[in-house]
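Here are the chains, one letter per residue:
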Amino acid sequence: MKDYIQENKKRWEELAEVHFDSEFYNIKKFREGGISISDLEVKEVGDVEGKKLLHFQCHFGKDTLSWARLGASVTGVDFSSNAIRLASELSKELEINATFIQTEIQKLDQTDLTKESFDIVFTSHGAIYWLPELKKWAEMIAYYLKPGGFFYIAEGHPTALIFDDEHESELRVRYPYFHQDEPLAFDYDSSYASGDVKIKNTREYGWVHDLGYIVNNLIDAGLQIEFIHEFPFISWEMYPFLEEREGWWHLPDKFQKIPLMFSLKATKPK
Ligand SMILES: C[S@@+](CC[C@H](N)C(=O)[O-])C[C@H]1O[C@@H](n2cnc3c(N)ncnc32)[C@H](O)[C@@H]1O
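Cut-off values and rules
- Residues numbered from 1 in each chain as written.
- Predicted model: local features only at pLDDT ≥ 70, side-chain atom pairs only at ≥ 80, totals over all residues.
- Helix = DSSP H or I, 4+ residues; strand = E, 2+ residues; numbered from the N terminus.
- Rg over C-alpha atoms; globule rule 2.2 N^0.38 Å.
- Buried ≥ 20, exposed ≤ 12 C-beta atoms within 10 Å, placed from the backbone.
- Contact = placed C-beta atoms within 7 Å.
- Near = placed C-beta within 6 Å.
- Nonpolar A, V, L, I, M, F, W, Y, C, P; charged D, E, K, R; others polar.
- Pairing = 2+ DSSP bridges.
- Right-handed = clockwise from strand over helix to strand, strands pointing away.
- Axes fitted to C-alpha atoms, helices over the stretch in contact; angles between N-to-C directions.
- Core = buried A, V, L, I, M, F, W, Y, C linked by C-beta atoms within 7 Å.

**Regarding the overall build of the protein chain**
Moving on, step 1. Across its full length, the protein chain holds seven helices and 12 strands.
Moving on, step 2. The globule rule puts the C-alpha radius of gyration for 270 residues at 18 Å, and the 18 Å found for the protein chain is close to it.
Moving on, step 3. With the C-alpha coordinates of the protein chain rotated into their principal frame, the extents come out at 50 × 45 × 40 Å.
Moving on, step 4. Counting every position in the protein chain, which comprises 270 residues, the buried fraction comes to 34%.
Moving on, step 5. Sequence separation of 24 or more characterises 71% of the internal contacts of the protein chain that already satisfy a separation of 6 or more.

Following this line, the structure appears as structure tokens:
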């Protein structure tokens, strides 16, 4: 079988470096202070002061280090060695304590992290699409949470992912809604954050996961759902005709409102 994860890793190794220098991620501003996490997530996650937080798919650590700036003791994991190197360098440069571990999420239990447990497992914005299935992912979340700890995700809504992301003016169904084992395959020489930089590793594979599949895998792993919130806006320009308002991308007013993003909190029972 084709090694989809290795193909994706090649692309994400390149993207980590390109994104680090991008206007989209604006590292210059982050170096000056502040956080890259939205008010919405900060409010929904709540006070993290003194909490141990594990960040799945942390990219080059901007959000992970933001949680540290808010008082959490943080560990970020990502399969891109360039992302982990850049995250570690940034943490050192900004003198923000953090641990970064390079691993596929699916293989996290094969790392030195095995003996640790956390108050919060966090992941967000363009993460689960890269994972072929969510059973192991949910089990990993449950395994690393302390009893009473919680998982939080803010992510593109599966309903929004069915529409053509290249159509200039309309919502047209193009992709499946329900989880399937076979990935979608694309060749892109750019990314959501690469600007004019051409990406050499064009091939990427992604997996859609319906909302029921996401929620039921968390329930099957033993977590209790606290809330699922749906929002008519998202953190990136998902379709070319979205309009940006106060840091979020919305459909123009002439459209019916549909969910573009969801957030979910689930607790590991004591
Ligand atoms: C869109 S980024 C996450 C964005 C993040 N919320 C941010 O804005 O910083 C997706 C991340 O997932 C990582 N990734 C993709 N597949 C992975 C896997 N199987 N295991 C671990 N990390 C993976 C990529 O290296 C990338 O850093």
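From this point on, the discussion continues.
**Here we look at the site of the ligand**
Moving on, step 1. Taken together, 19 residues sit near the ligand, with Trp12, His59, Phe79, Gly126 and Trp130 positioned nearest.
Moving on, step 2. Broken down by secondary-structure element, the contributors of at least two residues to the shell around the ligand are α1 (4–20) and α4 (62–69).
Moving on, step 3. Here the shell around the ligand gets three residues from one element, more than from any other, and that element is α1.
Moving on, step 4. Residues of the shell around the ligand, tallied by class, amount to eight nonpolar, seven polar and four charged.

**Some remarks on the pairing of strand β5 (residues 145–156)**
Moving on, step 1. Buried residues dominate β5, accounting for nine of its 12 residues.
Moving on, step 2. Note: strand β4 (residues 118–124) against β5, six bridges, orientation parallel. When the bridges of β5 are listed, Ile120 appears paired with Phe150.
Moving on, step 3. One crossover worth recording links β4 to the parallel β5 by way of helix α6 (residues 135–144), and it is right-handed.
Moving on, step 4. Pairing between β5 and strand β12 (residues 261–267): seven bridges, direction antiparallel.

**Quick word on unusual backbone geometry**
Moving on, step 1. The phi angle at Gln57 is positive, at roughly 60 degrees, despite the residue not being glycine.
Moving on, step 2. With respect to the helices and strands, the residue Gln57 is situated in the loop between β1 (52–56) and α4.
Moving on, step 3. With phi around 50 degrees, Glu246 is a residue other than glycine that occupies positive phi space.
Moving on, step 4. Note that Glu246 resides in the loop between β10 (243–245) and β11 (248–250).
Moving on, step 5. Here Glu246 falls in the exposed class, since 8 other C-beta atoms lie within 10 Å of it.

**Details of the sheet that holds β5**
Moving on, step 1. Spatially, β3-β2-β1-β4-β5-β12-β8 is the arrangement adopted by the seven strands of the open sheet, whose pairing is mixed. Pairing within the sheet leaves two strands with one partner each, and these edge strands are β3 (99–102) and β8 (224–231). Across the sheet, the mean angle from the axis of one strand to that of its neighbour is 15 degrees, orientation sign disregarded.
Moving on, step 2. Where β1 meets β4, three bridges bridge the pair, whose relative direction is parallel. The residue of β4 that forms the bridge with Leu53 is Ile120.
Moving on, step 3. Together, β1, β4 and β5 form the strand contacts of α6, whose direction differs from that of β5 by roughly 140 degrees.

**Things to note about α4**
Moving on, step 1. Counting buried positions over the eight residues of α4 gives seven, a clear majority of the element.
Moving on, step 2. Residues of α4 that are buried include every one of Lys62, Asp63, Thr64, Leu65, Ser66, Trp67 and Ala68, and no others.
Moving on, step 3. The elements touched by buried residues of α4 are α2 (27–31), β1, β2 (73–78), α5 (81–93) and β4.
Moving on, step 4. Among the residues trailing α4, Gly71 stands out with phi positive, at a value near 110 degrees.

**A word on the environment of Lys268**
Moving on, step 1. Relative to the assigned elements, Lys268 resides in the segment after β12.
Moving on, step 2. A sequence separation of 49 residues divides Lys268 from Ile219, and the C-alpha atoms of the two residues are 9.8 Å apart.
Moving on, step 3. When residues no more than four places from it in sequence are discounted, the contact partners of Lys268 are Ala142, Leu145, Pro147, Gly148, Gly149, Gly222 and Leu223.

**Focus: the nonpolar core**
Generally speaking, nonpolar side chains in soluble globular proteins are found buried as a group.
Moving on, step 1. The biggest cluster of nonpolar side chains holds 63 residues, and the ones touching the most others in it are Leu53, Ala87, Ile120, Val121, Ile141 and Phe151.
Moving on, step 2. In terms of residue count, β5 provides more of this core than any other element does, six residues in total.
Moving on, step 3. In this structure, Ile141 is in contact with Val121, Phe151 and Ala221, ignoring residues within four places of it in sequence.

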